[in-house]
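For reference, the chains in residue letters:
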Protein chains: 2
Amino acid sequence: MKQLNAEIIAVGTELLLGQIANTNAQWISQQLAAYGVNVYYHGVVGDNLKRVEDTFAQAASRSDIIIVTGGLGPTDDDLTREAFQSLTNLPMNEHQQSMEKIEQYFHKQKVEMTANNRKQARVFTGAVVINNKIGMAPGMIVSRKEKKWIFLPGVPKEMKQMMLDDILPYVRNMMGSDEIIQSMVLRFIGIGESKLEHEVSDLIQSQNNPTIAPLAQQQGVVLRLTAKADSIEKVNLLLDQTKATILQRVGKHYYGMNEETIESKIVSLLKEKGYSIAAAESLTGGMFIERLISIEGASSVTPGGIVCYDANVKANVLGVQKETIGEHGTVSKECALEMATNIRHLLQTTIGISFTGVAGPKEIEEQPVGTVYIAVCNNSESKVEKYVFNGNREIIRRKAVLKGLEILYNQLK
Amino acid sequence: MKQLNAEIIAVGTELLLGQIANTNAQWISQQLAAYGVNVYYHGVVGDNLKRVEDTFAQAASRSDIIIVTGGLGPTDDDLTREAFQSLTNLPMNEHQQSMEKIEQYFHKQKVEMTANNRKQARVFTGAVVINNKIGMAPGMIVSRKEKKWIFLPGVPKEMKQMMLDDILPYVRNMMGSDEIIQSMVLRFIGIGESKLEHEVSDLIQSQNNPTIAPLAQQQGVVLRLTAKADSIEKVNLLLDQTKATILQRVGKHYYGMNEETIESKIVSLLKEKGYSIAAAESLTGGMFIERLISIEGASSVTPGGIVCYDANVKANVLGVQKETIGEHGTVSKECALEMATNIRHLLQTTIGISFTGVAGPKEIEEQPVGTVYIAVCNNSESKVEKYVFNGNREIIRRKAVLKGLEILYNQLK
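Residues numbered from 1 in each chain as written. Chains lettered and ligands numbered in written order. Predicted model: local features only at pLDDT ≥ 70, side-chain atom pairs only at ≥ 80, totals over all residues. Heavy atoms only, no water.

If you look chain A up in an unreviewed UniProt entry, it shows as Putative competence-damage inducible protein from Ornithinibacillus salinisoli.

Below, the structure is given as structure tokens:
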């Protein structure tokens, strides 16, 4: 396999003003890393002809593949083509297909097309033109002095579509390899990032096919495995073997693969078993049931819930006994249990789950901030646990919901 | 005021692998832009001595201020100091205060300090040493050949602390200016980004003190004004005058300033008026009431709500008449109105709000995906409106909640 060194250049003053982060470079780097392409530099330069040209000249001196994002649009500030032409003297011509598409767009919108829109259809003579399936400006691959220049729009979804459909297959071909590269993401809940890393650190250190990379995620933690082989069967075998090794160690925290979320997993499991669930939520304020309802098809597994933030709603609507609240308070095992039992009866579901606690910033009923009771009740049993979460109001509420999802998943799996 | 050109270099292979985005460069750029410093380049380079040195050499040739983040830690991969030394031959010495802090840290943690940790305390002779109030490695300002080299840790919170406490005041001083720079963010709801920009485009074009920049936000749209003057009074006057001009044009969509959110604004208004609110939510699944409960002190303005995703919950718990559902369906003005009226009565609040509609992916009751009814009812009147939102399930649900917040805000203000 040929070793290729890549450099990613973003053109756009908005990046230098800090209006956006260069997430394009991050995403492209992830893709190239999975293909074994070395990315040695990222650069950002503003909408200035001279500085863009200088940046291109330097890239030409040190990289095999130069990926440029941005600066292909219709305005005077879009200077990527001009800077490359100034450096190389390559001629440009109007790409007819692209021009037709632009004209059609304006025709359809019933808006007069201003002349500057023609700019977008210009491509370098001899370039491989990359169809933009989402926006207007086409991408290009230009070969010059044994370097490949890849020009892509700065709009992330246009750039990603072109990378996935055209550029990555092209790069793989360039590398003169029939290797297949594939990733698999393993998702975990109920285990911290550092603990997970610790449990598999020897594998992370010693293995390079698949490579294993822990990634921080908003919800739970994940391991990304990336394998290479000359057939899809071999790649899958490598991934499956490593997955099995990992799950032998931390399988009890594993819940799903790739794009699966814990919510979608729970909705699937509920469907599979023909179960339904309703939630009675105090401090979480509806966040738990909202997460389930965000999943397509949730209507077959949940009728809804009650947000009983106030003690009166707990008593009058949900039917928690006033004595329970009087004796034990609303932040108590007893209250949580009645909430879960009652929501299940009231909404006639298989499972009832409840959340009550102190999100802060002030204590409630002399219970410290972070105290949360979660109860789950079904036909045969009721369980309640006390948790103490650290963090601010928002973090405590999110941790409570995540813990609820974890408990439910463990009961259902 | 002296014109200064800055360049920001991040050192770290994790960035080139796409494991993280270079949000440090974005944040630093925002800060420098507010101070009138031109940032002309961002660069990212991996943990490789030669390539870091080359990157530094180039920066020295074109920028007045070079800010380098990362590569100051204890491991063999941390090469920022070494690369700069290799370029400049500047000597280093151990910074005693920093060394003591590192030793104390290990002593306190009862962990033996490995030798490589000493590395972190090395500073260039003659450098201004910047205290790291959060982590271990100190920052540095090195003056060389009329350039200022600013070395900062890659950990965002350490970097930000040093920037705010030490580097930005230093830069302001360098610029030979006693100017005060201040920003103000104006927040809008119920108006699109392009419409807002259009309404004030002549001001954006013509004004440079304050400058006016539209920014995309997850919720609503904002304008950021940044003014400069030699006293706080003048800065505030400039900001207030421009704010007034803008609000003359688009004031009806304005809801708050700086860190205010529409939820926090609504909770404040409800408190002010002594009102309370409850929500009956179908397609939004609890998201509306969750947003209010996320605000500290929400307990005094909302007791909660009912998530009536299922028709049976609408009828049996919320008391919507079966005839209403039978005749008009659950996705109807009539059902929305009863939901809002009934939740208000059931939870004994001043205001009741309801959401019912089709989040997708499938139609319901022959109503197309995106159809949403929102009703608001108080002591004196009930209002209901039909909306049709574009987008996927998640976007439709979010737009519905945002519209509900907008309606409520307009009634309360």
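**A word on the domain arrangement of chain A**
All names here are of chain A. Here is the rule we go by: Segment limits for the domains were obtained from an automatic or database-derived domain assignment. By definition in these notes, contact holds between two residues if any of their heavy atoms fall within 4.5 Å. The term buried area denotes the loss of accessible surface (1.4 Å probe radius) that occurs when two parts are joined, taken as the sum for both partners. What makes a salt bridge here is a side-chain nitrogen of Lys or Arg within 4 Å of a carboxyl oxygen of Asp or Glu, nothing more. By the criterion applied in these results, polar contacts are pairs of N or O atoms within 3.5 Å in which, for protein atoms, one can donate a hydrogen and the other can accept it, and in which residues neighboring in sequence qualify only through two side-chain atoms. By the convention adopted, Pro, Cys, Tyr, Trp, Phe, Met, Ile, Leu, Val and Ala count as nonpolar, Lys, Arg, Asp and Glu as charged, and the other residues, Gly among them, as polar.
The assigned domain composition of chain A is domain 1 (5-174), domain 2 (180-257) and domain 3 (262-412). One C-alpha centre belongs to domain 1, the other to domain 2, and the line joining them spans 34 Å. Facing four residues of domain 1, the contacting portion of domain 2 comprises four residues. Carbon and sulfur atoms supply 59% of the area buried between domain 1 and domain 2, which totals about 350 Å² over both sides. Counting the surface domain 1 buries against domain 2, the share from its top three residues, Ala34, Tyr35 and Arg172, is 78%. Across the contact surface, domain 1 and domain 2 share zero salt bridges. On inspection of domain 1 and its partner domain 2, the count reaches zero residue pairs in polar contact (both at pLDDT 80 or more). Taken together, the residues that form the side of domain 1 that touches domain 2 break down as two nonpolar, one polar and one charged.

**Notes on the pairing of strand 17 (residues 382-388) of chain A**
All names here are of chain A. Note the cut-off: The pairing criterion is simple: DSSP has to find at least two bridges between the two strands. The way it works is that DSSP assigns letters per residue, a run of H or I at least four long becomes a helix, a run of E at least two long becomes a strand, and they are numbered from the N terminus.
As paired elements, strand 16 (residues 371-377) and strand 17 share seven bridges and run antiparallel to each other. The residue bridging Ile374 from the neighbouring strand is Glu385, located in strand 17. In sequence, strand 16 turns back onto strand 17 through a hairpin of four residues.

**Overview of the pattern of salt bridges**
Put simply, the rule reads: Three labels apply to residues, based on accessible area from a 1.4 Å probe with only protein chains included: buried if under 20% of the type maximum, exposed if over 50%, partly exposed otherwise in between.
Scanning the model with the defined rule gives 30 salt bridges over all chains in all. The shortest N-O distance in the salt bridge between A:Glu7 and A:Arg62 comes to 2.8 Å. Separated by 55 residues along the polypeptide, A:Glu7 in strand 1 (residues 5-11) and A:Arg62 in helix 3 (residues 49-62) bring together distant segments of the chain. For A:Glu7, a relative accessible area of 2% gives the class buried. Within this structure, A:Glu290, B:Glu394, B:Arg397 and B:Arg398 form a network of salt bridges that share partners.

**Some details on the sheet that holds strand 15 (residues 351-357) of chain A**
Test applied: Angular values range over 0 to 180 degrees, each being the angle between N-to-C directions of two axes fitted as lines to C-alpha atoms, with helices fitted over their stretch in contact.
Pairing within the open sheet is mixed, and its 10 strands lie in the order 17(A)-16(A)-15(A)-13(A)-14(A)-14(B)-13(B)-15(B)-16(B)-17(B). Every other strand in the sheet has two partners, leaving strand 17 of chain A together with strand 17 (382-388) of chain B as the edge strands with one partner each. If you compare each strand with its neighbour and ignore which way they point, the axes differ by 10° on average. Relative to the sheet, helix 14 (residues 333-347) of chain B contacts strand 13 (277-281), strand 14 (304-308), strand 15 (351-357), strand 16 (371-377) and strand 17 of chain B, its axis offset from that of strand 15 of chain B by approximately 145°.

**Brief notes about unusual backbone geometry**
That bond from A:Asn209 to A:Pro210 is cis: its omega, 0°, falls within 30 degrees of zero. Summarising the element assignment, A:Pro210 is placed in the loop between helix 8 (201-206) and strand 10 (211-216). Here the amide bond leading from B:Gly360 into B:Pro361 is cis, since omega sits at 10°, within 30 degrees of zero. Within the fold, B:Pro361 resides in the loop between strand 15 and strand 16. The phi dihedral of A:Asn258 is positive, around 50°, even though this residue is not glycine. For B:Lys145, which is not glycine, the phi dihedral falls at a positive 50°. Residue B:Lys145 is classed as exposed on the basis of its relative accessible area of 67%.

**Here we look at the packing of aromatic side chains**
Between two aromatic rings, the relevant description is the distance of the centres plus the angle of the planes. Short version of the rule: Centres within 6.5 Å are what make two rings of Phe, Tyr or Trp a pair, Trp counting through its six-membered ring; a difference in plane orientation under 30 degrees is then read as stacked, over 60 as edge-to-face, and the rest as tilted.
Within this structure, the stated rule accounts for 26 aromatic pairs over all chains. For the pair A:Tyr255 and A:Tyr409, a centre-to-centre distance of 6.2 Å together with 70° between the ring planes defines the contact as edge-to-face. Placement of the pair is A:Tyr255 in strand 12 (residues 254-257) and A:Tyr409 in helix 15 (residues 393-412), with a sequence separation of 154 residues. The pair A:Tyr255 / A:Tyr409 is uniform in exposure class, with both members buried. Where B:Phe288 meets B:Phe355, the ring centres are 5.1 Å apart and the plane angle is 45°; that geometry is what we call tilted. Here B:Phe288, found in helix 11 (residues 287-293), pairs with B:Phe355, found in strand 15; they are 67 residues apart in sequence, far enough to count as distant. Taking relative accessible area as the criterion, B:Phe288 reaches 0% and is therefore assigned buried. Here a set of aromatic residues connected by ring pairs shows up, and it is made of A:Phe56, A:Phe84, A:Phe124, A:Trp149 and A:Phe151.

**Points about the relation of the copies chain A and chain B**
Rule in force here: A least-squares fit on C-alpha atoms brings the copies together, and the residues used are those whose pLDDT is at least 70 in both copies.
Once chain A is rotated about the relating axis by 179° and shifted along it by 0.8 Å, it coincides with chain B to within an RMSD of 1.0 Å. Expressed as an axis order, the relation between the two copies is that of a two-fold axis. Both copies contact each other with a shared surface, as 100% of the interface residues of chain A are interface residues in chain B too.

**A closer look at the sheet that holds strand 8 (residues 147-152) of chain A**
Note on sheets: strands pair through backbone hydrogen bonds, and any given pair is parallel or antiparallel. Spatially, the 12 strands line up as an open sheet ordered 6(A)-7(A)-8(A)-3(A)-1(A)-2(A)-2(B)-1(B)-3(B)-8(B)-7(B)-6(B), and their pairing is mixed. In this open sheet, the two strands that pair with only one neighbour each are strand 6 (128-130) of chain A together with strand 6 (128-130) of chain B. The sheet shows a mean angle of 15° between the axes of neighbouring strands, direction not considered. Sheet topology places strand 6 of chain A next to strand 7 (residues 139-144) of chain A; three bridges connect them, and they run antiparallel. Counted as the bridge partner of A:Ile130 is A:Gly139 from strand 7 of chain A. Set on the sheet, helix 6 (residues 156-174) of chain A makes contact with strand 3 (65-69), strand 6, strand 7 and strand 8 of chain A; between it and strand 8 of chain A the angle comes to about 170°. Strands in contact with helix 6 (residues 156-174) of chain B are strand 3 (65-69), strand 6, strand 7 (139-144) and strand 8 (147-152) of chain B; relative to strand 8 of chain B, the strand with the most contacts, it is inclined by about 170°.

**Considerations on the interface of chain A and chain B**
Between chain A and chain B, the residue contacts involve 53 residues of the former and 55 residues of the latter. Summed over both partners, the interface of chain A with chain B comes to about 4300 Å²; 57% of that surface belongs to carbon and sulfur atoms. If you sort the residues of chain A by the area they bury against chain B, A:Leu16, A:Ile293 and A:Tyr309 come out on top, with a joint share of 13%. Across the contact surface, chain A and chain B share two salt bridges. Between B:Glu290 and A:Arg397 there is a salt bridge, and its shortest N-O distance comes to 2.7 Å. On the surface where chain A and chain B come into contact, there are 25 residue pairs in polar contact (both at pLDDT 80 or more). Mapped by element, the contributors of at least two residues to the side of chain A that touches chain B are helix 1 (13-16), helix 2 (23-34), strand 2 (38-45), helix 3, helix 11 (287-293), strand 14 (304-308), helix 14 (333-347) and helix 15 of chain A. By residue number, the principal contributor to the side of chain A that touches chain B is strand 2 of chain A, which donates seven residues.

**Things to note about the environment of A:Ile374**
Position of A:Ile374 among the secondary structure elements: in strand 16. Of the residues examined, A:Ile374 reaches a relative accessible area of 2% and is grouped as buried.

**Side note on the pairing of strand 7 of chain B**
All names here are of chain B. Within strand 7, five of the six residues are buried, which leaves it mostly tucked inside the rest of the structure. One ladder, built from five bridges, connects strand 7 with strand 8; its direction is antiparallel. Directly across from Ile141, in strand 8, lies its bridge partner Ile150. Hairpin connection from strand 7 to strand 8: two residues lie between these consecutive antiparallel strands, with Lys145 at a positive phi of about 50°.

**So, helix 4 (residues 80-88) of chain A**
Residue and element names in this part refer to chain A. Filter applied, for reference: Of all possible arcs, the one meant is that of the directions from the helix axis to the C-beta atoms.
Every buried residue of helix 4 is listed here: Thr80, Arg81, Ala83, Phe84 and Thr88. Angular distribution of buried residues about the axis of helix 4 spans 165°; they occupy a single face of the element. Within two residues after helix 4, Asn89 carries a phi angle of roughly 60°, on the positive side.

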